[in-house]
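# Structural characterization, general
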Amino acid sequence: MIKVENLTKSFGDLEVLKGINEEIHEGEVVSIIGPSGSGKSTFLRCLNLLEVPTDGKVIFEGVNIADKSVNIDTHRQKIGMVFQHFNVFPHLTVLENITITPTLELKMPKEEAEKLGCELLAKVGLLDKKDEYPRKLSGGQKQRLAIVRALAMHPDVILFDEPTSALDPEMVKDVLDVIKGLADQGMTIVIVTHEMAFAKQISDRVLFMDGGYIQEQGTPDQIFNHPQNQRTIEFLSKVL
Ligand code: ADP
Ligand code: MG
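For every chain, the first residue of the written sequence is number 1, and numbering continues from 1 onward in sequence order. Chain labels run from A onward and ligand labels from 1 onward, assigned in the order the entries are written. Reporting in this predicted model follows two pLDDT cut-offs: at least 70 for local features of residues, and 80 or more for side-chain atom pairs to be given and counted; totals over whole chains, interfaces and linings ignore these cut-offs and use all residues. Only hydrogens and water are removed before side-chain values are computed, so all heavy atoms of the structure are retained for them.

The chain has the name Amino acid ABC transporter ATP-binding protein in an unreviewed UniProt entry, where [Eubacterium] hominis is given as its organism.

Rendered as C-alpha cells:
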C-alpha cells in the first residue's frame, strides 16, 4: 500500500531522515518505536506529505505522492491521521466534527454523513455526546472523536502519532481498545507509540528508529524478546 524509497528529510542543516526504505502492506499493523527526536513523527508525516520529503519517493497505492506534479489532496483523503493532541474543531459539535469533511470533500449528502457519523460514534461509545461541543469531552473522548473523524473518510490506512501520550492514564485503555478494534477488522495501521505492551500485542511488525534510520525491524517477538541491534537493546532496556 505504501512504499518508501530512499526517503530523506532535512530541516535546514539537520538531517532527520537519512534514507529510509520501507513497505507497508495492506492490512498490516506496523508500530514505530524509538527515542524521542529520532524522527518518528517526521517519518509518519512524510507518509501523507504533511512534511515534504527532501528526497526520495513515497509511493502510495502506486503513485509517487512526493512528486510535485501530483495533486496530494485526493490521495491524502485515503490516508487518515490521528495526532497526539486531539485534532478536533472546537467550534463544531461532535457530530458536525465528523460530517464536515465527508460532506465538503467527498460531497457526501448531509443525511448520509450524519447516519455514518452516528454509527461510528456508537461504535466508540460516544453517541450520547453527538450534540455536545468538544470542550465538554474528556481527553480520551476527544481522541476517540478524532479517530472517528478519520474513519468517516473511509481511509485505506490510518497513521497514529502517539495517540495516547497526552491522555490521563485512566483514559488510555479506551483509546487503545478502539485502535485494537480497527486492527482486528483488518485496517492498515501505522502507529508511533510508547505503549510497548500494546505494540507487542497488536503489531504484525515493529520498526525501531534511531539516528535517522530504521535500525531494526521484525515481529514483536523478534524486536522485544530477541533484539539484535545494540541501539534497540539499549532503548528497550530503558523503556521495558
Ligand atoms: P520523534 O517524533 O521521534 O520524537 P521528530 O520527528 O518529531 O522526532 O523530530 C526529529 C528531529 O527533527 C528533532 O530534532 C526535531 O527537533 C526536528 N524537527 C522536527 N520537526 C521540525 C521542524 N518543523 N523544523 C525543524 N526541526 C524539526
Ligand atoms: Mg514524535
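### Here we look at the site of ligand 1
Being near a molecule or strand, for a residue, comes down to having at least one heavy atom within 4 Å of it. The environment of ligand 1 is formed by Phe11, Leu14, Val16, Pro35, Ser36, Gly37, Ser38, Gly39, Lys40, Ser41 and Thr42. Residues adjacent in sequence count toward polar contacts only when both atoms are side-chain atoms; beyond that, a polar contact is any pair of N or O atoms within 3.5 Å, and within protein one must be able to donate a hydrogen and the other to accept it. With respect to ligand 1, the backbone of Ser38 contributes an N or O atom lying 3.1 Å from an oxygen atom. Here Lys40 contributes a side-chain N or O atom positioned 2.8 Å from an oxygen atom of ligand 1. Surface accessibility follows the Shrake-Rupley procedure with a 1.4 Å probe radius. Residue values consider only the protein chains on display as shielding. Here ligand 1, which alone exposes 560 Å², has 58% of that area covered by the protein. In terms of residues, the shell around ligand 1 owes the most to one element, helix 1 (residues 40-47), which gives three residues. Here the residues of the shell around ligand 1 sort into four nonpolar, six polar and one charged. Runs of E in the DSSP output that reach at least two residues are strands. Runs of H or I that reach at least four are helices, and both are numbered from the N terminus. Residues are grouped as follows: nonpolar covers Ala, Val, Leu, Ile, Met, Phe, Trp, Tyr, Cys and Pro; charged covers Asp, Glu, Lys and Arg; every other residue, Gly included, is treated as polar.

### What about the packing of helix 3 (residues 94-105) against helix 4 (residues 110-123)?
To describe two helices that pack against each other, one gives the angle between their axes and the distance between the axes. Between helix 3 and helix 4, the least distance of the axes is 9 Å, while the angle of their chain directions is 130°. One element, helix 3, and the other, helix 4, form an angle in the oblique class. At the point where helix 3 passes helix 4, the crossing takes the right-handed sense. Contacts between helix 3 and helix 4 involve Val94, Leu95, Ile98, Thr99 and Thr103 from the first element and Lys110, Ala113, Glu114, Gly117, Cys118 and Leu121 from the second. Taken together, the residues that form the contact of helix 3 with helix 4 break down as six nonpolar, three polar and two charged. An axis is simply a line fitted to the C-alpha atoms; with a helix, the fit covers only the stretch in contact. Between two such axes, the angle follows the N-to-C directions and lies from 0 to 180 degrees. Any angle that falls under 35 degrees is termed roughly parallel, while one over 145 is termed roughly antiparallel, one within 65 to 115 roughly perpendicular, and all others oblique. Each crossing gets its hand from how the near helix is turned against the far one by less than a right angle, where anticlockwise is left-handed and clockwise is right-handed. The contact criterion used throughout is that any non-hydrogen atoms of two residues lie within 4.5 Å.

### A look at the packing of aromatic side chains
In summary, the pairing rule links any two rings of Phe, Tyr or Trp, Trp by its six-membered ring, whose centres are within 6.5 Å, and it sorts them by plane angle into stacked for under 30 degrees, edge-to-face for over 60 and tilted for everything else. On inspection of all chains with the given rule, the structure shows one aromatic pair. Plain terms: the ring middles of Phe208 and Phe235 are 5.4 Å apart, the flat faces sit at 40° to each other, and that makes the pair tilted. Taken together, the residues Phe208 in strand 9 (residues 205-210) and Phe235 in helix 9 (residues 230-239) connect sequence positions 27 residues apart. As far as burial versus exposure is concerned, Phe208 and Phe235 are alike and both buried. Per-residue accessibility, obtained with a 1.4 Å probe over protein chains only, is compared with the maximum for each type, and a residue is labelled buried under 20%, exposed over 50%, and partly exposed between these values.

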